Amino acid sequence: MSGAVVTGAQAGLVSCETCKLLTRPVHPEHAGHCPRCGATLEVRRVQSLQRTWALIIAAAICYIPANLLPVMVSNTFATSDAETIMGGVVYLYTSGSWPLALIVLVASVMVPLGKLLALGYLLVSVQRGTARGHHERARLFRIVVFIGRWSMLDVFVATFTVALVQLQPLMSVLPGAGVLFFAAVVVLTMLAAETFDPRLLWDSATNMEKHDG
Amino acid sequence: MSDAARPSQPLMACQECDLLQRIPALPVGGRARCARCGFLLAARPRDPLELPLVLTLTALIVFIVANAMPLMDLAAVGRYSSTTILGGARQMWLDGERITAMIVVFCAVIAPALYLLLMLAVLIAARRPPLPHWSGELLRWGLHMQPWAMYDVMLLGILVALIKIAQLATVDPGIGLFAMGLLAVLLPAIAVTFDAREVWKRVAWKHGDDLAAAAFADEDHLERGR
C-alpha cells in the first residue's frame, strides 16, 4: 500500500457512527456531537477494550454453568430426566437426526466457545499492537458478528419444547437453570461484539506505515 | 480514487478501519467496498425508500399474524395443546425462568416490533423532506434492533423442538409458523433494499447549515495530510 493511506484519526477527522458524516472536531479529546444527527462523536469507541474484556469474562463465567446445568427437565409419571446441552446433542444424534445434532452442536457448543476465544484473541492482538494479519483478523471479527445470534438456537428450542409439552399429568417439560446461563452467554458475547471497535485492529497497520514513510 | 469523482462525492471514513476515501457515484445495484479492509461501505439498491416502505408495511401485517395465531398444535393420547410466540415465553415465566422469558420476548416480539415501527416512521418521514434531525436517532435505534430480531434462529429452534417432540406426539404446524417463516425472509429483505444514505441526504441538520459548513471536512485536507 502506498503513502496515500490516511485514516480519519490521522487527519484529525471523526466519522459519525450513526450517519457516517465526517467532521473536524474542535477538540480531538472531546469530539462533541454530530452536527447532522446529534449523536455523540468518538474517534474510537470509548473504553472499547475494557468493556469488551468485561463482557467476555462475564460470558466465560456463565459458560460453565450453561454447560453443566440442565436446560430442560422432562417429567413423566415415574421418571424425571434432566438434559444438558450436550445431552440434547447426543439425544438428537442417537434418535437418528444427525444433521440436526450437528447444527445444535455447532450453534450451541462450538460457536459460543469460538466467539469467546476469537474475541479474546482479537483483544490481545490489539493490546500487543500486532502488526500482521490485519485482513485475517478483520475477517475473524466479521464472522464473530455474523454468527453470534445463531447461538440463541437452544434457548428457543427449550422455550418451545417447554411451551408445547404440557400434558399434565402424563408428561411435562420444565426449563432447567442452565437455560438462563446459556442465554446470558449469547447476550453477553453479542454485546461484546458490539462494544469492540474494529478500527483498533487497523491502527497498528496505520502506525507501521507512518514509521516506514 | 478518480479525479472525476472528487468534487461531487464527500470524503468518508470506513466504519471498520477508518481509512479515508471517496465513494464514486454507484450504478443501480452497485456496491462500494473499502479499499483496505473490504468492508461494504455503500450499496445502491434500485428503489431505496419506496420498496423498503412496502416491505415494512407487509412485515408489520405478517408480524401481527405471527403473534396472534398458534405456531403449532400438539396432540398426544387424546390431549391437545397449542402455543403462540408469547405463549412460549409465558410458560417460561410461569416455570420460574423469568429472565430467559424476557430475553425470548425481546428477541421474538420487542426487537422486531421496534425495528419495523422505527423503520416505518423514518421511511414515511423520508417521503416529505427535510426530515427532522431526531429521525436520525430513530433510524439508529432501528438499525441497532436488527441483529436482535431473530426469526430465522427461532424458526430453526422450533424445527429442532418439533423433531424432538415428534417421537412423543403428533405435531401440526399452525398459521403462525408460516407467518414466522415469511418474517424471516422479509426482515433481511428490508435491510437489503434500504439505503440509509438516502435518508441522511434528506435530514435537517441539528446544528444548522452555517455550523455544518464550518465543521465539514475540508475538500483539500488530503493534500495537506501528505
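Refer to the structure presented above.
Residues numbered from 1 in each chain as written. Chains lettered and ligands numbered in written order. Predicted model: local features only at pLDDT ≥ 70, side-chain atom pairs only at ≥ 80, totals over all residues.

## Remarks on the packing of helix α1 (residues 50-68) of chain B against helix α6 (residues 175-193) of chain B
All names here are of chain B.
And then number 1: Between α1 and α6, the shortest axis-to-axis distance is 9 Å and the interhelical angle comes to 160°. Classified by the angle between their axes, α1 and α6 sit roughly antiparallel to one another. Relative to α6, the crossing made by α1 is left-handed. The residues of α6 that touch α1, namely those facing L51, P52, L55, T56, T58, A59, V62, F63, V65 and A66, are I175, G176, A179, M180, L182, L183, L186, L187, A189, I190 and T193.
And then number 2: Taken together, the residues of the contact of α1 with α6 sort by class into 17 nonpolar, four polar and no charged. (Axes fitted to C-alpha atoms, helices over the stretch in contact; angles between N-to-C directions. Helix = DSSP H or I, 4+ residues; strand = E, 2+ residues; numbered from the N terminus. Parallel < 35°, antiparallel > 145°, perpendicular 65-115°, else oblique. Left-handed = near helix turned anticlockwise from the far one by under 90°. Contact = placed C-beta atoms within 7 Å. Nonpolar A, V, L, I, M, F, W, Y, C, P; charged D, E, K, R; others polar.)

## A closer look at the interface of chain A and chain B
And then number 1: Facing 54 residues of chain A, the contacting portion of chain B comprises 61 residues.
And then number 2: Looking at the side of chain A that touches chain B, the elements that each hand over two or more residues are β2 (22-23), α3 (98-127), α4 (134-147), α5 (153-164), β5 (166-167), β6 (171-175), α6 (178-195) and α7 (199-212) of chain A.
And then number 3: In terms of residues, the side of chain A that touches chain B owes the most to one element, α5 of chain A, which gives 10 residues.
And then number 4: Here the residues of the side of chain A that touches chain B are counted per class, giving 35 nonpolar, 14 polar and five charged.

## Description of the pairing of strand β4 (residues 40-43) of chain B
All names here are of chain B.
And then number 1: Looking at chain direction, strand β3 (residues 31-33) and β4 are connected through three bridges and run antiparallel. Paired with R31 across the strands is A43, a residue of β4.
And then number 2: Counting the residues in the hairpin turn of β3 and β4 gives six residues, including G38, whose phi is positive at 80°. (Pairing = 2+ DSSP bridges.)

## Examining the environment of S97 of chain A
And then number 1: Structurally, S97 of chain A is set in the loop between α2 (85-94) and α3.
And then number 2: Those residues in contact with S97 of chain A, other than ones at most four positions away along the chain, are L92 of chain A together with I163 of chain B.

## Quick look at the pairing of strand β4 (residues 80-83) of chain A
All names here are of chain A.
And then number 1: Two strands pair when backbone bridges link them, and strand β3 (residues 72-76) and β4 are joined in this way by four bridges, in the antiparallel orientation. Looking at β4, one finds that S74 is bridged to D81.
And then number 2: Here β3 folds back onto β4 in antiparallel fashion, the turn holding three residues.

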